[in-house]
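# Observations on the three-dimensional arrangement
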Amino acid sequence: MIASVRGRVAAIAPDGAVVEVGGVGMLVHCTPGTLATLRVGEEARLATSLVVREESLTLFGFAGDDERGVFEMLQTANGVGPKVALAMLAVHTPNALRVAVASADVKALTRVPGVGPKGAQRIIVDLKDKLGTPDQAVNAALNGGAAVPAWRDQVHSGLVGLGYSARDADEAVAGVAPQADAEVAQGRSPQVAALLKAALRALSVR
């Protein structure tokens with residue numbers, strides 16, 4: 001198994017990046033949040049998971065080991081393959097998924113493209129007590145508090161990864177919040193890539 005890759009980022013596409021490792025360009029499929037932390041020409045390290053099929057070998061990359069672990073655990077649920085697992089991590093952070101499963105939040109899971117109500121219920125049953133305990137910051141959601149939306153963490157991390165200060169990132173995230181809220185109000189999941197682009201535009205004209 002290829003547990004991680006480290007090398008220069010040669011190219012970035014909407015659904016993945018090419019990382020040069022020992023003279024070989026490796027295509028690594030990633031979430032928008034992870035891609036937002038990468039820059040062409042700079043070195044990067046990604047935790048990876050290799051999915052082996054009869055007709056293909058597909059490498060998936062993540063910002064950290066926890067995200068990779070959740071990706072692999074999600075696939076133990078009936079009906080969840082690597083593409084759906086990656087989509088789940090594109091919509092929710094690992095801890096947000098832990099909260100959703102622990103609190104049996106079907107609505108949160110159905111925000112993921114490809115996951116319907118029955119599929120969400122199956123995931124909750126199959127993964128109960130398997131994903132681990134949500135950390136203290138998001139565990140409040142189980143006690144009536146509000147969890148931080150996944151897109152906020154992903155956009156904020158992306159901006160900081162691109163060199164902006166945490167304060168600038170906070171302001172930019174607040175600026176695109178109405179756009180994200182509008183998508184949620186229409187029953188859609190906020191698109192991290194689009195929100196990140198909007199945040200970058202706002203920061204560029206300051």
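An account of the accompanying structure is given in this report. (Residues numbered from 1 in each chain as written. Predicted model: local features only at pLDDT ≥ 70, side-chain atom pairs only at ≥ 80, totals over all residues. Heavy atoms only, no water.)

## Looking at the overall build of the protein chain
Within the protein chain, the secondary structure is distributed over ten helices and five strands. Its C-alpha atoms give the protein chain a radius of gyration of 17 Å, near enough to 17 Å, the size a compact globule of 206 residues would have. Oriented by its inertia axes, the alpha-carbon framework of the protein chain measures out at about 50 × 45 × 30 Å. Taking all 206 residues of the protein chain together, 39% fall into the buried category. The long-range share in the protein chain, meaning contacts at least 24 apart out of those at least 6 apart in sequence, stands at 53%. Once the 20 positive and 20 negative side-chain charges of the protein chain are each reduced to a mean point, those two points are 4 Å apart. (Helix = DSSP H or I, 4+ residues; strand = E, 2+ residues; numbered from the N terminus. Rg over C-alpha atoms; globule rule 2.2 N^0.38 Å. Buried < 20%, exposed > 50% of the residue type's maximum accessible area, 1.4 Å probe, protein only. Contact = heavy atoms within 4.5 Å. Lys, Arg positive; Asp, Glu negative; His and termini not counted. Charge placed at Lys NZ, Arg CZ, Asp CG, Glu CD.)

## Some points on helix 9 (residues 166-185)
For helix 9, with 20 residues, the first-to-last C-alpha span of 28 Å sits near the 28 Å given by 1.5 Å per residue. The principal kink in helix 9, of about 40 degrees, is found at V176, preceding the proline P178 by one to four residues. Three or more residues of helix 9 are buried, namely A169, A172, V173, V176, A177, A180 and E183. As for helix 9, its buried residues are in contact with helix 8 (150-161) and helix 10 (192-204). (Expected span 1.5 Å × (residues − 1). Bend = angle between axes of the 7 residues up to and from the residue.)

## Points about the sheet that holds strand 4 (residues 43-52)
With respect to topology, five strands assemble into a closed barrel ordered 1-2-3-5-4, the strand pairing being mixed. Strand after strand, the sheet turns through a mean of 55 degrees between neighbouring axes, direction not considered. Judged from the six bridges that link them, strand 2 (residues 16-21) and strand 3 (residues 24-29) form a sheet pairing that is antiparallel. Residue pairing across strands places V18 opposite L27, the latter belonging to strand 3. Along the sheet, helix 2 (residues 65-74) makes contact with strand 4 and strand 5 (57-62), crossing strand 4 at roughly 15 degrees. Running over the sheet, helix 3 (residues 82-91) touches strand 3, strand 4 and strand 5 and is turned about 15 degrees from strand 5. (Pairing = 2+ DSSP bridges. Axes fitted to C-alpha atoms, helices over the stretch in contact; angles between N-to-C directions.)

## Examining the nonpolar core
Among the nonpolar cores identified, the biggest contains 25 residues, and F71, L74, L109 and I123 are the most heavily contacted of them. Contributions of two or more residues to this core are made by strand 5, helix 2, helix 3, helix 4 (94-102), helix 5 (106-109) and helix 6 (117-127). Tallying contributions element by element places helix 3 first for this core, with five residues. Residue contacts for F71: discarding those within four places in its chain leaves S49, V51, F60, F62, P82, A85, L86 and L89. (Core = buried A, V, L, I, M, F, W, Y, C linked by side-chain atoms within 4.5 Å.)

## Concerning the pattern of salt bridges
Taken as a whole and judged by the stated rule, the model has five salt bridges. Among the salt bridges present, the one from R6 reaches E43, with a minimum N-O distance of 3.7 Å. In this pair, R6 sits in strand 1 (residues 4-13) while E43 sits in strand 4, placing the two residues 37 residues apart along the sequence. Exposure class is identical for R6 and E43. Each is exposed. Residue E20 is joined to R8 by a salt bridge in which the shortest nitrogen-to-oxygen separation is 3.1 Å. Placement of the pair is E20 in strand 2 and R8 in strand 1, with a sequence separation of twelve residues. (Salt bridge = Lys/Arg side-chain N within 4 Å of Asp/Glu carboxyl O.)

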